[in-house]
Amino acid sequence: IRSNAYTKIIDFSQPITGMYPVGKLLLADNGKLYGLTKHGEKIDGGVLFELDPETNTYMKRFEFGDAIKGFWPEGSLVQADNGRLYGTTERGGLFEGGVLFEWDPGNGKYTKKFDFDERGYFPDGSLIKGSNGKLYGMTNEGGISDVGILFEYDIKTNVCSKKFDLASVIEGRKLLGYLLQASNGKIYGMAYTEGSIFRGALFEYDPVTNIVIKKFDFTKKSGITPSSNLVEIGNSRSSFSILNEIACDKYNFNGRIITASGMYFDTIPNAAGCDSLITLNLTVLKSTLNTFFETACSEYHFNGRILKT
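Cut-offs used in this document
Residues numbered from 1 in each chain as written. Predicted model: local features only at pLDDT ≥ 70, side-chain atom pairs only at ≥ 80, totals over all residues. Heavy atoms only, no water. Phe/Tyr/Trp six-rings, centres within 6.5 Å; stacked < 30°, edge-to-face > 60°. Helix = DSSP H or I, 4+ residues; strand = E, 2+ residues; numbered from the N terminus. Buried < 20%, exposed > 50% of the residue type's maximum accessible area, 1.4 Å probe, protein only. Pairing = 2+ DSSP bridges. Axes fitted to C-alpha atoms, helices over the stretch in contact; angles between N-to-C directions. Salt bridge = Lys/Arg side-chain N within 4 Å of Asp/Glu carboxyl O. Patch = residues over 30% accessible without salt bridge, like charges linked within 9 Å, V, L, I, M, F, W, Y side chains within 5 Å. Areas by Shrake-Rupley, 256 points an atom, 1.4 Å probe, with all protein chains shown as cover.

Trainee: I would appreciate a short explanation of the packing of aromatic side chains in the present structure.
Mentor: Ring pairs (aromatic) are described by centroid distance and by the angle formed between their planes. One pass over the structure, following the stated rule, counts 17 aromatic pairs. The interplanar angle of 75 degrees and the centroid separation of 5.4 Å between the aromatic rings of phenylalanine 164 and phenylalanine 203 together place this pair among those described as edge-to-face. Here the residue phenylalanine 164 occupies a position in strand E13 (residues 159-165), and phenylalanine 203 occupies one in strand E16 (residues 201-206), the gap between them amounting to 39 residues. Phenylalanine 203 shares its class with phenylalanine 164; the two are buried. Through a chain of ring-to-ring contacts, the aromatic side chains of Phe62, Phe64, Phe101 and Tyr110 assemble into a single cluster.

Spelled out as structure tokens, the structure:
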């Protein structure tokens, strides 16, 4: 980051490493980066991979491809409050509509948590973690009129439930992009087509009241068929801190032991949603060991100390 230098770490060009990465990289609380590829490996089902940013070491952690466990992962991973990573696959599962899965970075265990069916299937985009600790996502098909749903997954009860049907509420079709939970606690997303004038729509969902409202119909004038991600501007309740530190050999950064100079990031979550975002500019100095062999008469002055033996 400081030198603005570009370094290629891995080529996603072989089945063994995975091909066609999707979504964003996730910085987990163990300091490692995790991501997904949609294709690659033995039966072209995709992989879940890990990257150590300190050593630039790439490691394949799980191979998708089992028709029952799911294949073709979609979107990005999300880390829940229990420390485990969650994501979805577009295909596979008992009903061939995709699955919601859990992967534990501690023991490397993959667990299928839910099979999508006609109530909502073919999940698209990424899961998000709500302020209530539950996970939210969207499907492209299923539900009323078979045009997609918004769902909620509770990691504590292992229950995945449909929250609303796209067709019955906002007259939209095909949910694309990522959901966004804004600072007001509401969740926002977009329908790619249809709406009241058949050009797409923006909606708001309240996870507390379970009420969904269509906020906007896209038109030729405002733009049509939205498929990107929403962002929130202003009203930020987070605090930002930059630390410039110099350490000998190693540095303890909120429980992470760092031994190399560089720029590091961390987030300290707050129950009220006022997270603290910390950037650390760290310089690590390495200790040196020098050995001297000296001969002296009666006494020797060693950095202010008088040695007589």
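Now, onward.
Trainee: What is the right way to read the sheet that holds strand E7 (residues 85-91) from this model?
Mentor: Strand pairs in the sheet, formed through backbone hydrogen bonds, run parallel or antiparallel to each other. What the four strands build is an open sheet, ordered E6-E7-E8-E9; its pairing is antiparallel. The sheet is open, and its two borders are formed by strand E6 (71-79) and strand E9 (109-115), each paired with just one other strand. Averaged over neighbouring strand pairs, the angle between their axes works out to 25 degrees when direction is ignored. Pairing analysis gives five bridges linking E7 to strand E8 (residues 99-104), with the strands arranged antiparallel. Across the sheet, the residue bridging to glycine 87 is phenylalanine 101, located in E8.

Trainee: Would you take a moment to explain the pattern of salt bridges for this structure?
Mentor: Where charged atoms from two side chains of opposite charge come close, those side chains can pair. Enumeration according to the criterion identifies 15 salt bridges in this entry. The partner of aspartate 81 in a salt bridge is lysine 129, and the shortest N-O contact between them spans 3.0 Å. On the criterion of sequence distance, the pair formed by aspartate 81 in the loop between E6 and E7 and lysine 129 in strand E10 (residues 121-129) is long-range, its members being 48 residues apart. The closest approach of N and O atoms between lysine 112 and aspartate 115, which form a salt bridge, is 3.0 Å. Using a relative accessible area of 13% as the deciding quantity, one classes aspartate 115 as buried.

Trainee: Would you explain the sheet that holds strand E12 (residues 149-154) in this entry?
Mentor: Strand order in the open sheet formed by four strands is E10-E11-E12-E13, with antiparallel pairing between adjacent strands. At either margin of the open sheet sits one strand with a lone partner, and together these are E10 and E13. The mean angle between the axes of side-by-side strands here comes to 25 degrees, regardless of whether they run parallel or antiparallel. For E10 and strand E11 (residues 135-141), the ladder comprises five bridges, and the chain directions are antiparallel. Counterpart to aspartate 124 in the pairing with E11 is methionine 138.

Trainee: What is the right way to read a nonpolar patch on the surface from this model?
Mentor: A surface patch of nonpolar side chains, about 310 Å² in accessible area, is lined by Ile68, Leu94 and Phe95. Of note, isoleucine 68 is situated in the loop between strand E5 (57-63) and E6.

Trainee: Honestly, the pairing of E5 in this entry has me stumped. Any pointers?
Mentor: Look at any regular strand and the pattern is simple: side chains alternate between the two faces of the sheet. Examined bridge by bridge, strand E4 (residues 47-52) and E5 share six bridges and lie antiparallel to one another. Of the residues in E5, the one forming a bridge with valine 47 is glutamate 63. A loop of four residues connects E4 with E5, the two strands running antiparallel in sequence, and asparagine 56 in this loop sits at a positive phi of about 55 degrees.

Treat this as a map of the structure, not an account of what it does.
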